[in-house]
There are 2 protein chains.
Amino acid sequence: MSKYIIMTLSGCLIVAVACSPQNTQRQNITESTVAPAPNGLTLPANYKDWRVIAVSHRTDNESLRAILGNDIAIKAARSGHTNPWPDGTMLAKLVFKDTVHEEDWPTATVPGKFIHAEFMVKDAQKYMQTGGWGFGRWLGDEQKPYGNDAAFVEECFACHTPMQDNDYVFTHPVTLP
Amino acid sequence: MSKYIIMTLSGCLIVAVACSPQNTQRQNITESTVAPAPNGLTLPANYKDWRVIAVSHRTDNESLRAILGNDIAIKAARSGHTNPWPDGTMLAKLVFKDTVHEEDWPTATVPGKFIHAEFMVKDAQKYMQTGGWGFGRWLGDEQKPYGNDAAFVEECFACHTPMQDNDYVFTHPVTLP
């Protein structure tokens, strides 16, 4: 099976022909089979392939995090235009239980079990009530949507409100050479 | 200015036409201007765009790390074929000074200043003397090659030798849904 993708991205024309069994397999296990969040947000496709924006370690809930961004987010992060983040930005936080490296390296904290993936999607108009951000979280390997109803975003937004001066985002993108 | 890239990658044909000023700028600051490591290893191009394999936090030297991999590494990591990693694997470790989140979030450790990027490049034949891995490290924003001469790899390899049963790699790839 082959698959053609034609898209315009950051002023680039990209034509990709995926033709190997490896890529076909990955196309088949898309996020489209995962239930949307109670607010209607769907799990962004291919978020595991997004590029890294930062990492973090929270000792209050013992978790390690990789913060990734879609192409719009990466472009904004690398050019320093993240306050506000542009519409179309999608940020993913992959959260793992922290654990000690198993081979006798007690000072190395490494990712254990996958806890959840959570997302912020920027659309200043659509999500005006929550700082311009749509929130979503999918739990565990089964990727179960978090929240009983659409009001779950109030919890997300309340937690993020202290970061109002940083466009409600906790993450500061890393600076690379 | 436009740039054409034609490459075969994991069984895929990818044709990219980069035509925006943004992309032109990024093409100009490639890793090709960085001096090679004393063992001849050159800084892999576009490593900042590689996908995430893991993260870690070392409290002995107070650093946070993002571990990224090239396409061969990602394919191996996601299919569980990492012992040994296949030839062509390139692993990057982006290392940052750990610091506390600046906005009154004392239990969140986040990346501070960029310390260095270090690499393992798998070629079982070429690097037979060091477990099949070529090592390289580039320091700071100036990306200065680490080591006075080619013997610097003895230090790298000595540190990695305890991980012999894991193909000399400390990192265990994260498991994602």
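Residues numbered from 1 in each chain as written. Chains lettered and ligands numbered in written order. Predicted model: local features only at pLDDT ≥ 70, side-chain atom pairs only at ≥ 80, totals over all residues. Heavy atoms only, no water.

J.: Would you mind showing me how to read the overall build of chain A here?
T.: Scanning chain A from terminus to terminus reveals 3 helices and 8 strands. Order of helices (α) and strands (β) in chain A, N terminus to C terminus: β-β-α-β-β-α-β-β-β-β-α. Residues classed as buried in chain A amount to 48% of the 177 residues present. In the structure as shown, chain A presents an accessible area of about 8800 Å², 54% of it carried by carbon and sulfur atoms. (Helix = DSSP H or I, 4+ residues; strand = E, 2+ residues; numbered from the N terminus. Buried < 20%, exposed > 50% of the residue type's maximum accessible area, 1.4 Å probe, protein only. Areas by Shrake-Rupley, 256 points an atom, 1.4 Å probe, with all protein chains shown as cover.)

J.: Just checking my understanding: could you explain helix α2 (residues 71-79) of chain A for this structure?
T.: Since the α-helix packs 3.6 residues into each turn, any two residues three or four apart lie on the same face. All names here are of chain A. Taken together, the buried positions of α2 are Ala73, Ile74, Ala76 and Ala77. Summarising the axial view, the buried residues of α2 lie within an arc of 165°, below the 170-degree limit, and thus occupy one face. Against the buried residues of α2 lie β3 (51-58), β4 (63-69) and β5 (90-101). Looking one or two places after α2, you find glycine 80, whose phi comes out positive at around 75°. (Arc of directions from axis to C-beta. Contact = heavy atoms within 4.5 Å.)

J.: What exactly am I supposed to notice about the layout of surface pockets here?
T.: Estimates place the volume of the second largest pocket at around 820 Å³. Forming the walls of the second largest pocket are 41 residues, and the residues nearest its centre are Arg65, Lys93, His160, Phe170 and Thr171 of chain A. Elements that contribute at least two residues to the lining of the second largest pocket include exactly β3, β4, β5, β6 (105-122), β7 (133-139) and α3 (152-160) of chain A together with β5 (90-101) and β6 (105-122) of chain B. Its residues assigned to classes, the lining of the second largest pocket comprises 22 nonpolar, 12 polar and 7 charged. (1 Å grid on protein atoms, 1.4 Å probe; cavity = no way out; pocket = protein on both sides within 12 Å on 5 of 7 lines; lining within 4 Å. Points joined across faces, edges and corners; volume = space filled by probe spheres on them. Nonpolar A, V, L, I, M, F, W, Y, C, P; charged D, E, K, R; others polar.)

J.: Help me understand the pairing of strand β7 (residues 133-139) of chain B in this model?
T.: Each regular strand shows side chains that alternate between the opposite faces of the sheet. All names here are of chain B. A large share of β7 lies buried, amounting to 5 of its 7 residues. Relative to β7, β6 is paired through 7 bridges, and the arrangement is antiparallel. Across the sheet, residue glutamate 118 finds its bridge partner in β7, namely arginine 137. Bridge count between β7 and strand β8 (residues 144-145): 2 bridges; the pairing is antiparallel. Pairing of tryptophan 138 across the sheet is with proline 145, part of β8. Adjacent in sequence and paired antiparallel, β7 and β8 are bridged by 4 residues, among which glycine 140 carries a positive phi angle near 65°. (Pairing = 2+ DSSP bridges.)

J.: Hey, could you run me through the pairing of strand β4 (residues 63-69) of chain B in this one?
T.: All names here are of chain B. Among the 7 residues in β4, 7 count as buried, and that is most of the element. The alternating pattern of β4 places Ser63, Arg65, Ile67 and Gly69 and Leu64, Ala66 and Leu68 on opposite faces, both of which are buried. Of the strand pairs in this sheet, strand β3 (residues 51-58) and β4 are connected by 7 bridges, and their pairing is antiparallel. Directly across from serine 56, in β4, lies its bridge partner arginine 65. If you look at the hairpin formed by β3 and β4, you'll find 4 residues sitting between the two strands, and glutamate 62 has a positive phi there, around 50°. Here 7 bridges tie β4 to β5, and the two strands are oriented antiparallel to one another. Directly across from leucine 68, in β5, lies its bridge partner alanine 92.

J.: Is there a simple way to think about the nonpolar core in this case?
T.: Nonpolar side chains tend to gather and get buried jointly when the protein is soluble and globular. In terms of nonpolar packing, the biggest core is built from 78 residues, with Trp85 of chain A together with Trp85 of chain B touching the most fellow members. If we ignore the near neighbours within four places in the chain, the residues touching tryptophan 85 of chain B are Ile53, Ala73, Ala76, Ala77, Leu91, Lys122, Trp133, Asp167, Val169 and Pro173 of chain B. (Core = buried A, V, L, I, M, F, W, Y, C linked by side-chain atoms within 4.5 Å.)

J.: Even after reading the chapter, I still don't get unusual backbone geometry, so can you show me in this structure?
T.: All names here are of chain A. Across the junction of asparagine 83 and proline 84, the peptide omega takes the value 10°, indicating a cis bond. In this structure, proline 84 sits in the loop between α2 and β5. One non-glycine residue with positive phi stands out, namely glutamate 62, at about 50°. Of note, glutamate 62 is situated in the loop between β3 and β4. Of note, the phi angle at glutamine 143 is positive, near 55°, even though the residue is not glycine. Its location among the elements puts glutamine 143 in the loop between β7 and β8 (144-145).

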